[in-house]
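Close look at the chain arrangement
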Amino acid sequence: MSRIGAIMSRKVLTTSEDASLSSLREVFSAAKFQHLPVVDSSARLQGIISVKDYFRALSPVMDSAFETSVESYIRSRKVRHVMTSPVVTVTDKTSIKEAANLLLQYNIGCLPVVDAEHRLLGIVSWKDVLRFALQPKTTAQPADP
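Residues numbered from 1 in each chain as written. Predicted model: local features only at pLDDT ≥ 70, side-chain atom pairs only at ≥ 80, totals over all residues. Heavy atoms only, no water.

1. Notes on the pairing of strand β2 (residues 45-50)
Counting buried positions over the six residues of β2 gives five, a clear majority of the element. Here five bridges tie strand β1 (residues 35-39) to β2, and the two strands are oriented antiparallel to one another. Opposite Leu36, over in β2, you have Ile49 as the bridge partner. Connecting β1 to the next strand, β2, in antiparallel fashion are five residues, including Ala43 with a positive phi near 65°. (Buried < 20%, exposed > 50% of the residue type's maximum accessible area, 1.4 Å probe, protein only. Helix = DSSP H or I, 4+ residues; strand = E, 2+ residues; numbered from the N terminus. Pairing = 2+ DSSP bridges.)

The following block contains the structure:
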């Protein structure tokens, strides 16, 4: 049975609870991912923030006539104010099928992968699961007599 450890992304950008929303602007605009795990100084998962969370937090001030109002708002607003916590997580030993079920059950786009101490090991998205599902399955060839 295939496990999450085989398909998860191990190189993951993270942020902290005390980071301002303005620090996320460049990250989300340049990145090809939609979720950013929030960790403490020991790499323990505290929450997750998505592009949707980011824009939802900005929506009250987006119609402001003054760009300085928007800038001031995103500099003062912290990740802890808009992140999702607690987070549905898996371990690297979780089966890919179980992870797919969790993604569907909770209607979420990714699952942080953590160890027993809740330290972040990686992340797996619904795209990773779908990519795995669409891989051609290799079948064992019988040995030549």
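2. Regarding the environment of Leu111
Residue position: Leu111 is located in strand β3 (residues 110-114). Along the backbone, Leu111 and Ser125 are 14 residues apart, and their C-alpha atoms lie at a distance of 6.3 Å. Once you skip the residues sitting within four places of it in the chain, Leu111 turns out to touch Val88, Val90, Ala99, Leu102, Leu103, Ile123 and Val124. (Contact = heavy atoms within 4.5 Å.)

3. Quick notes on the pairing of strand β4 (residues 120-125)
Extensive coverage of β4 is indicated by the burial of five of its six residues. The pairing of β3 with β4 spans five bridges and is classified as antiparallel. In the sheet register, Cys110 faces β4, and the bridge partner there is Ser125. Hairpin connection between β3 and β4: a loop of five residues separates the two successive antiparallel strands, and His118 in this loop has a positive phi of roughly 70°.

4. Details of the nonpolar core
As a rule of thumb, nonpolar side chains are buried together in soluble globular proteins. Ranked by internal contacts, the top residues of the largest apolar core, which has 15 residues, are Leu21, Leu24, Phe28, Ile49, Tyr54 and Val79. When contributions to this core are tallied by element, the ones reaching two or more residues are α1 (22-30), β1, α2 (51-58) and α4 (79-82). At four residues, the largest contribution of residues to this core is made by α2. Setting aside residues up to four positions removed in sequence, Val79 forms contacts with Thr15, Ser16, Glu17, Ala19, Ser20, Leu21, Leu24, Val38 and Ile49. Listed in part, the 13 residues of the second largest apolar core include Ala99, Leu102, Leu103 and Val124. (Core = buried A, V, L, I, M, F, W, Y, C linked by side-chain atoms within 4.5 Å.)

5. A closer look at the pattern of salt bridges
Applying the stated rule across the entire model yields six salt bridges. For Asp128, the salt bridge goes to Arg131, with nearest N and O atoms at 3.0 Å. One end of the pair is Asp128 and the other is Arg131, both in helix α6 (residues 126-134) and three residues apart, which spans about a single turn. We classify Arg131 as exposed; its relative accessible area is 52%. Ionic contacts of the salt-bridge type, sharing partners, join the residues Asp115, Glu117 and Arg119 into one network. (Salt bridge = Lys/Arg side-chain N within 4 Å of Asp/Glu carboxyl O.)

6. Some thoughts on the packing of aromatic side chains
For the coordinates displayed, the defined rule picks out two aromatic pairs. Seen from their ring centres, Tyr54 and Phe55 are 5.1 Å apart, and the 75° between their planes marks the pair as edge-to-face. Accessibility expressed as a relative area gives 5% for Tyr54, which makes it buried. Overall, Phe55 belongs to the partly exposed group, its relative accessible area being 48%. (Phe/Tyr/Trp six-rings, centres within 6.5 Å; stacked < 30°, edge-to-face > 60°.)

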